[in-house]
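# Residue-level structural notes
The chain contents come next:
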Amino acid sequence: MTARYDAVILGLGIHGSASAYELARRGLRVAGIERFTAGHPRGSSHGATRMIRRAYPHPDWNEFVRHAYRGWERWERQAGMVFVHRTSGAYAHRSGGGLQGGRSRPASLDEVAEVLPGLRLPDGYHATLDPDAGVVEAGAALAWAHAAAAEAGAELSFGETVLGWAGDDEGVRVATDRRELLADRLVVAGGPWLSRLLPAVGVRAEVWRILTYSARPGQAAAQSPALGAFSVDLDEGLVFGLPEVAGAGAKIGVDAGVLWDPEIPVAPPTPEETGHLAGLLARFAPGVDVTGGEAAACLYTMTPDRRFLIGALADQPGVIVAAACSGHGFKFAPAVGEAVADLVEGIDRPDLDFLRPDREVLR
Ligand SMILES: Cc1cc2nc3c(=O)[nH]c(=O)nc-3n(C[C@H](O)[C@H](O)[C@H](O)COP(=O)(O)OP(=O)(O)OC[C@H]3O[C@@H](n4cnc5c(N)ncnc54)[C@H](O)[C@@H]3O)c2cc1C
């Protein structure tokens, strides 16, 4: 017997999990299928922390950012937990063109040093201060989204792989390595496997190996108010940094990496790569002891315009894609879940047109 669902979710990283939770919360019959274990390190959602900010390059993002912050407040109320720690953030760039949005504003390096005394930005840089920036407890949020989705009635299955799907007049038939499911809607939230899962869509998305280094926790110089979220654009790429929160040490990474095949487990950082990252953390947060920390590897799915893909596929009725990454998708998780649930329920979301999967730049 083929089980029938209102929606089947492919992938239970943060965006698939947020979608499963929101749909089940609305009373729909949902099955979530994840190839690996809960919280596994093969995709893009693992690790203790992620940055959140209102400061964004383009006003197109502002409303979706508002949805994201409201969504985290809703999740925190429903979980009775704190997921977001507001620490302020400073974003340094060589060119004048700063970030905008929310209460963020241009600031001198002296002003930044007053607000975040533990942060040292390069001379001659321009900066944007964002008082609402901070850190999301990503690991806790992902675990909660799994538990909350299951509690709301979603059937989550781990260690099961979707092999393919086909639309017919009854809906979308989804074949896995264990069974066939029938659904009104299939939500493809496959992260770095996007291009493999949707070859026909022909999205030019690259997968990058991204490295981070986290210092040992328990350091006041790494915590708010000394340190906040930050980024600095260097020749090697945009360096991003997060302060220590909730027992997770201060973290640093660079928005640049080699192309990677997600079918191959991502190679851990080498000692040279680890040393380089520790050196960057010491440079921008000189009060932090960077010895004895931990390095990690993860995957970005980069689109040409660094914007997400959220929407129905024109040529595949019943299939909705939810691919929000390009290195900055986690903060939007509650808003992505809400958006996907609206689209599954046939609620129009013109505010998401800037993330349409069929936009020209993706071809
Ligand atoms: C190092 C690093 C730092 C980052 N920092 C930030 C930050 O500070 N702020 C921020 O907002 N964002 C940040 N991001 C981005 C953010 O983490 C991602 O945008 C987000 O996690 C993407 O989630 P996802 O659910 O789309 O993908 P994933 O978590 O990769 O989930 C996709 C899932 O689909 C599953 N899957 C794939 N194919 C199949 C199949 N055939 N059958 C079943 N399951 C399948 C995979 O196993 C995987 O679990 C960062 C990312 C990295 C890597």
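Overview of the structure. (Residues numbered from 1 in each chain as written. Predicted model: local features only at pLDDT ≥ 70, side-chain atom pairs only at ≥ 80, totals over all residues. Heavy atoms only, no water.)

### A few points about the pattern of salt bridges
When charged atoms on two side chains of opposite charge get close, those side chains can pair. Counted according to the given criterion, the structure contains 29 salt bridges. With a closest N to O distance of 2.9 Å, glutamate 273 and arginine 209 form a salt bridge. Within this pair, whereas glutamate 273 is found in helix H6 (residues 271–284), its partner arginine 209 is found in strand S13 (residues 206–214), the two being separated by 64 residues in sequence. When its relative accessible area of 24% is taken as the criterion, glutamate 273 is described as partly exposed. The class of arginine 209 is buried, set by a relative accessible area of 9%. The partner of aspartate 358 in a salt bridge is arginine 356, with the nearest N and O atoms 2.7 Å apart. Aspartate 358 gets classed as partly exposed once you look at its relative accessible area, which sits at 33%. Its relative accessible area of 38% is what places arginine 356 among the partly exposed residues. (Salt bridge = Lys/Arg side-chain N within 4 Å of Asp/Glu carboxyl O. Helix = DSSP H or I, 4+ residues; strand = E, 2+ residues; numbered from the N terminus. Buried < 20%, exposed > 50% of the residue type's maximum accessible area, 1.4 Å probe, protein only.)

### Overview of the nonpolar core
With 50 residues, the main nonpolar core has Trp61, Phe64, Trp72, Trp75 and Phe332 as its most contacted residues. For this core, the secondary-structure elements that each account for two or more residues are strand S1 (3–10), helix H1 (14–25), helix H2 (62–79), helix H4 (138–151), strand S19 (319–323) and helix H7 (333–344). Ignoring anything within four residues of it in the chain, the contact list for tryptophan 75 reads Ile14, Ala18, Tyr21, Phe83, Ala141, Trp144, Ala145, Ala333 and Pro334. Counting 34 residues, the second largest nonpolar core, distinct from the first, contains Ala107, Val207, Phe284 and Val290. (Core = buried A, V, L, I, M, F, W, Y, C linked by side-chain atoms within 4.5 Å. Contact = heavy atoms within 4.5 Å.)

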